[in-house]
Structure formats: structure tokens, C-alpha cells
Amino acid sequence: MTDQAIIDCRGVKKWFGDFQALRGIDLQVTKGEVVVIIGPSGSGKSTFIRCINRLEVHQEGQIFVDRIELTNDVRNIEAIRKDVGMVFQSFNLFPHLTIMQNITLAPIWVKKQSKSEAEAYGRELLERVGIPEQADKYPGQLSGGQQQRVAIARALAMQPQIMLFDEPTSALDPEMVKEVLDAMKELAKEGMTMIVVTHEMGFAREVADRVLFFDYGQLVEAGTPEHFFTNPQHDRTKLFLSQIL
Amino acid sequence: MTTAIQRPTRPPFYRDVTVLKWVFQIAFLIGIVTVFWLLGTFSIANLAKQNLAVSWDFMARPVGFQVAEGFTTFPESGFEALLVGVTNMLRVTISGILAATILGIIIGVSRLSHNWLVNKLATVYIETIRNIPLLVQIVFWGIVVSIIPDIVVDETSDGSLKSLFGLRLLPEGWIFASPKGFALPWFVPTDGRWQWVGFMIVGAVATRYVYRWRIRLQEAGTAEARAFLWSGGVLLAFAIVGTFAHPVMGIFGPVFGFVAAFFQNTPIIIFQIVLAGLAVGGAYYIIKKRLDELRTPAGLGKLTDDDWFRLVMAAVVALGLALFFLLQSGPVEAIVGQGTIFGQDIGFSQLFTGLENRFSFVGGAPFDFSLPAIDGRFNNYLPDAGHVITRAYFALWIGVVLYTAAFIGEAVRAGVLAVPRGQTEAGFAVGLRRSQLLRMIVLPQAFRIILPPVGNQYLNLAKNTSLGIAVAYPDIVQVGQTIFNQTGQTIPIVISWMAWYSFVSLTLSAIVNRWNKKLKLVER
């Protein structure tokens, strides 16, 4: 393992019943790197990033996050989840809490921050994602794009070292995609380590340090965006790109 | 030729929607009133033909029967007999709702358990209980109790008692079981209990403040809340201190006495005017609120026909009530306690006199610990020793509790399952522990879904207590039936039943609705 690898996956395999979703994934992500994962649906890309914060349990192989191994040890899982923020396709905001409460819940109860401290930081985050005026509303009162930006702020509130994005723009109206992508670009610029599962090729091209192509539970091809979009090596990659570009 | 803008012509009245709506509303109202009036007069006339004039006199007259259990077993009037029935019904309903809620939550959560045995046991429980009619279950539990071996006096020895499994028991013991029911040790309330209850009301208020104070500290970040621990401790402290210090509440005695005297001695016309004023004021408030709701920034919105009908009805009812209060002094006298209701001397004045008497009493402990005891000659439980759970009470209570809990369990399960999986994942992703997740994310959301169906189950439970008649439990139905068997006054009794069950059901649903409203999610 290289010293600066903040995420280190070795031969990760996962089955859902008889179906093998991951067929041995090896991946090292260095601090500050932005990795974009693309691939057809059912290729295991979402499953893979959900393994990184243990929303799914991998059955073979090893995952180290910040040198802590993900095992059945509850203490390790809790430590890793504190360090890894996640943004979901369907936002998953807590509908019974206000925007501010959504953001401050984990800092108060998990990090044991005081309410005023957590709220001050929460306001700062809302400022950063561009919706400071929505703090006292409920998620149901916001548009999809605003909700997804709140979800980003909620994940950032725990001051994670790594952010996972699971198709963050797939459930959005086209005109709201940009505001979410902008927030993510901002984050990448600030040096956050990010793993992004997305179908937004423009984002991949512009922001990614590395693009990974997943198919059939395997990491088929990896490379810089330039290499990837101009000179893909693998036939499967070429086919996929020819279909979507 | 230019076409002038034509003024819309008014259609003939029989095609005018506004006119038609009003005509139908009023016709419907008149129709309803007529049907009930006709039904009433016909049945009264028919009963009169059979020498059965409808009369409420039995309410004031002594009844010639004994009630099996209740706050008194020898009611002095029909009214008091029905009152015993009412309190017996409430006893089962309130304790039943509490027990069914707790059991239902346990069953519901068990059905979601990953523990195979727990899961299957809960499933078997639900499928068995909810597929057997409640009446059958109540009768079944009655039979279960009735086949417990009776307590017999053991003649061979010193007259001690033999109970279940041939256990040798003294006339006084800890737990008794016999076909007549069960008897347990209990804290039997004494005269001091009223002062203690008053003390606890103060304690509850104090607890509320302590709870808020702890939450405020937590929010300010100076301390962890532990709000439940704190408020529980304060309440317990009040309960313990109150056991000794409750006579302090005696100072409220004279206050209640003063209020009672006020209701008794103030000229009735003042109450008439106040009540009439309340009716008019209430209508004014309702109308104003409705108009405010309809007001838009541009001014008063257009009133629909329905709005007009509502506003006019509110005004008419209020004026009717006001006139009634002003012209009829009798009902007002009854309410404040200067007159009688059904020949009973009850009302606000009597209520406060009662409170005065109970609070002015300065006495010892509010509760006496007492062991159950048996009258050796008749194998009856002594009514004032320990707590006696009669066969009828037990059969009805366990029947409705087990039955309702099965349905509550299903509602709980459905509610928890209805919280989207994404909520759990999002909670885990921000680092919440399983218990925090359950408490702060899943249960609050599940509760909103659970509450309406569970509220329905509460209503069902309250109404199902009337099945107690199958095991001769003296609730309002059984007592009422005894009364009309004796007096032939079926109609007043049935009206009393309907009024009582409607009152309980409406109260329960009002509580649940209010709660529901408070929990509603805010959507744009």
C-alpha cells in the first residue's frame, strides 16, 4: 500500500445471492484525487462505492479507508463513516427535520458538537452551496437541485476527508443538474477526495483526475479523462462511449 | 356593426346553481329534522299505546338491583347505576389502550426481528388472534378463569385455605386465583389521595419545565441533556415527597370552597348572560377566522355558496343557543349546580364542593399497602383488601387487549417498513448508530404513518368493551339492559348508550387528530 493512498481496495468481491456484483476490484485513491466511475447500469459501480462506507458488505477482499480496514468491527465502521460523506441519487434528506436540523444532526449527535457551533458551520456550508436562505424550511419545500445541494452540505458537515457521490444528478430535472455539478466542482477545486459515479461525461472530462470504466462487476479500464475519451483501449469501453457520446 | 359586450343574463331561478344549492341544503336539513321528529313521535305514540310512556324518571328513582363491581355496588338511582357502568367501561378502555399499545409495539417490532423464533412467534400470535372473533375470545378467557380450582377451606387443619395446586394459604396471602378472578397486593387509595394527586399535578408542571431546561442546556452546548432521566427523577421525587407532604395541598380547599359558593350564590341571570355571550362570541370567532382564511392580499376573496352557508349556519346556531340560554334558566341552573339534572344534585358548584371536602382533609399516607384477603365462609375476595380483578373484568380486558394489540402490531410493522430504505442508509452514511437512527430518523417518520390506524384501533377497543356483556361485565350496556328490563324504558337507555359511546369516540378521535396534525410533514 502506498502511503498516500487514502482508499485502498484489494480484490473486492461481492455477491447478491447467486449474482456476482463485484468480481475483484483493485483500486487505490490518493488524497485529493477526483475519481469518476462510469459504466452501464448493473455494472456494479454503485455497489462498489456503497462498499466503501459499508452500506453494502463485501464478501471477499480488503478495503482500507485512511488505513483503517473495514471489517465487522463496529468501531472501525463508525470511524470510517465519520470520515466518509455520501450523496445519494434520491437525496435521502430527512423529511421531518428542517434543512438546518438535517445538517446539524450528525455533528451534534455523532461528533458531540454544541448546537450553536454546528449551526454556525451549517450556515457556512449552506452559503457555500448557495442556499443560505433555506435553513428553516423543510426538504419538501425545496426543489430537487436545492435538496441535492443540502445533501452535499449535510455530508460536508461531518468534515469528511472523502466524499462519495452515487449518481447525484440522475434524479434531477436537466436545468437543475448544473447547480449541483457546480457545487461539486467547487468541492473538487478545494482539494476534497471524491469518488463520483455519474453519467455526466462533461463533468468527468472537466473535473476528473482519473476515469474508471466498470462493466460486469469488473474494472475494465482506467485512465486520465484525455486518454479515456480520446483513445480508449478496450473494445467494451469503445462501444460504451460510442453509444453515449 | 360592432357587437356590444353582452351582460351575462341571469338564468331562470330553477337553473341557477346558487339558488339550487341553497334550496337543496335547506331541503336536506328540513328532511333530516323531519325524519327524526317523525320517528320520535311515532315511537313515543306507539309505546304510549302499550302503556310505556317514554320517561326519564328512572334516572332519579332508586333501582332495585345490585351491580357486580364498580365504585359502588348499591347504586341509589338509575343515574348512579349508569355512572357505575360508565366508570367500569372507562376502566377497561383506558388500561386496555395502554396495555394494547405496549404489547402492540412489542409484537410489531418482533415481526420485523431478524431473530427467527421471535419473528415466527409474533406471526403466529397475530394470525391466531385476529382471525378469531373477539366475542369468542372473551368468552374463552371467561371459561379459562372459571375452570381454575376454587379456594376451599381445608377442614382437616386450622381452617386455612387451599387454592390452586392445593397450595395451603392463610386467609390473607399475596396472590389468589379462583373462578371468581384474581386478587393481588395493591396500594389501596385512602382519603389523602386527592391531596396527593393535586401534589402530582404540580409535579407534572415542574417536570415539564425541567425537561425544557435540560433541552435548552443541550442546545446551548453546555451539557448533555439526559432530559428523560432528569424529568423522570423530578417526577419520582415529587411522588415520594408528596406521600408525606401532601397535606400542604389543603390550602386549596378553601379556594375550591370559594368557587363552589360563587357558583351556588351568584344570581342565575349572570350565568345566562355569560353563556349567551360565549355562544355569540364563539360564532363571531369562527366567522372571523373563516373570513380571515379567505382574505387575500387583494382584499376579501370571493365567498362561495358553501362559505355563505357555513357562515349563516354558525350565526343562526349561535343566536339560537344564546336565546335558549337567556330564556331557559333551567338548564343553566343545572350546569352551575343550582338546579338538578335527572333529579341529581350535580353541577359545577357540587364539583367544587367535592374538591373542597377532599382537599381540606388532612390525613396520613395517600395509599395503604394492602394484601388481598378472603371471606372464608363464602370464598369471596374482600373488596377493600388488595386489588381484585374479577373474572368478568379479566376476560374482557385480556380479550380486547390481545385482540387490539394484534392489529396495532400490524400497524407498527407497516409504519416501520414504510420508512424508505434510503433514510436508513443516509443515517448510517452520516455516522449515526443504529439506536440513534431508530430514535431520530426511523421512529419519528414511522410514527406519523402508524398513528391514524392505531387511533382507529383505540376507537375499536373503546367500542368493543361493550362485548363485556357476554361475561356479565357491568359496563354501561349491561347496567342499562338491567334497567330497561325492569322499567321498560328502552328508548332513553339506548339514547344514553349512543350518547356515551359517541362522546368517548369523538373525544378519542379529537385527541388523535390533534396529535396527527401536529406531526404532519411540511410540504411546500
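Quantities reported herein were computed from a predicted structural model and do not represent experimental measurements.

1. A closer look at the packing of helix α2 (residues 78-111) of chain B against helix α16 (residues 490-519) of chain B
Residues and elements named next belong to chain B.
Then, in step 1: Relative to each other, α2 and α16 sit at 30°, their axes nearing to 12 Å. With respect to their mutual orientation, α2 and α16 come out roughly parallel. Considering only the axes of α2 and α16, their crossing is right-handed. Contacts between α2 and α16 involve L82, V86, M89, L90 and I97 from the former and S496, W500, Y501, V504 and L508 from the latter.
Then, in step 2: Class assignment of the residues belonging to the contact of α2 with α16 gives a composition of 9 nonpolar, 1 polar and no charged.

2. Some words on the packing of aromatic side chains
Then, in step 1: For the structure shown, the criterion picks out 28 aromatic pairs over all chains.
Then, in step 2: For the ring pair B:F262 and B:F271, a centre distance of 5.9 Å and an interplane angle of 75° mean the geometry is edge-to-face.
Then, in step 3: Take B:F271: its relative accessible area is 9%, and that puts it in the buried class.
Then, in step 4: Three or more aromatic residues joined by ring pairs make a cluster, and in this case those are B:F252, B:F256, B:F262, B:F263, B:F271, B:F348, B:F352 and B:F359.
Then, in step 5: One cation-aromatic arrangement involves A:R154 over A:F94; the distance from NZ or CZ to the ring centre is 4.6 Å.
Then, in step 6: The positively charged end of A:R205 is found above the aromatic ring belonging to A:F229, 4.7 Å away from the centroid.

3. Side note on the pairing of strand β3 (residues 34-38) of chain A
Residue and element names in this part refer to chain A.
Then, in step 1: Taken across its 5 residues, β3 has 5 buried, putting it largely inside the fold.
Then, in step 2: With burial as the criterion, each face of β3 is covered, one bearing V34, V36 and I38 and the other bearing V35 and I37.
Then, in step 3: Pairing between β3 and strand β9 (residues 210-215): 4 bridges, direction parallel. Bridged to I37 within β9 is L212.

4. Here's the deal with the domain arrangement of chain B
Residue and element names in this part refer to chain B.
Then, in step 1: Once the domains are mapped, chain B shows domain 1 (13-51), domain 2 (78-149 + 392-519) and domain 3 (195-358).
Then, in step 2: Between domain 1 and domain 3, the contact holds 6 residues from the first and 6 residues from the second.
Then, in step 3: When the two sides are added together, the surface that domain 1 and domain 3 hide from each other amounts to roughly 560 Å², 66% of it contributed by carbon and sulfur.
Then, in step 4: Ranking the residues of domain 1 by area buried against domain 3 places K21, W22 and Q25 at the top, with a combined share of 75%.
Then, in step 5: Counting across the interface, domain 1 meets domain 3 through 0 salt bridges.
Then, in step 6: Run the count over domain 1 and domain 3 and you get 0 residue pairs in polar contact (both at pLDDT 80 or more).

The rules behind these values
- Every chain is numbered independently, its residues counted from 1 as its sequence is written.
- Chain labels run from A onward and ligand labels from 1 onward, assigned in the order the entries are written.
- Given that the model is predicted, a residue must reach a pLDDT of at least 70 before its local features are reported, and side-chain atom pairs must reach 80 or more before they are shown or counted; all residues, however, enter totals for whole chains, interfaces and linings.
- To get the side-chain values, take all heavy atoms of the structure and skip hydrogens and water.
- With axes taken as lines fitted to C-alpha atoms, and helix axes fitted only over the stretch in contact, angles between N-to-C directions fall between 0 and 180 degrees.
- Helix numbering and strand numbering both begin at the N terminus, where a helix is a DSSP run of H or I of at least 4 residues and a strand a DSSP run of E of at least 2.
- Throughout, the term roughly parallel applies to angles under 35 degrees, roughly antiparallel to angles over 145, roughly perpendicular to angles from 65 to 115, and oblique to all others.
- In this scheme the handedness of a crossing depends on how the near helix is turned from the far one: anticlockwise by less than a right angle means left-handed, clockwise means right-handed.
- Residues count as neighbours in contact if any of their non-hydrogen atoms are within 4.5 Å of one another.
- Only Asp, Glu, Lys and Arg are considered charged, only Ala, Val, Leu, Ile, Met, Phe, Trp, Tyr, Cys and Pro nonpolar, and every remaining residue, Gly among them, polar.
- Aromatic rings from Phe, Tyr and Trp, taking only the six-membered ring of Trp, are treated as a pair when their centres fall within 6.5 Å; an angle between ring planes under 30 degrees marks them as stacked, one over 60 as edge-to-face, and anything in between as tilted.
- The buried label goes to any residue with under 20% of its type's maximum accessible area, the exposed label to any with over 50%, and the partly exposed label to all in between, with areas taken from a 1.4 Å probe on protein chains only.
- In this analysis the charged atom, NZ for Lys or CZ for Arg, is taken to sit over a ring once it is within 6 Å of the ring centre and within 35 degrees of the ring normal.
- Note on pairing: DSSP must find at least two bridges between two strands before they are called paired.
- Marked domain ranges trace back to an automatic or database domain assignment.
- Summed over both partners, the accessible surface that disappears when two parts come together, traced with a 1.4 Å probe, is what is meant by buried area.
- Any carboxyl oxygen of Asp or Glu that lies within 4 Å of a side-chain nitrogen of Lys or Arg is treated as forming a salt bridge with it.
- Two N or O atoms form a polar contact when they lie within 3.5 Å of each other; inside protein one atom must be a possible hydrogen donor and the other a possible acceptor, and for residues adjacent in sequence the pair counts only when both atoms belong to side chains.

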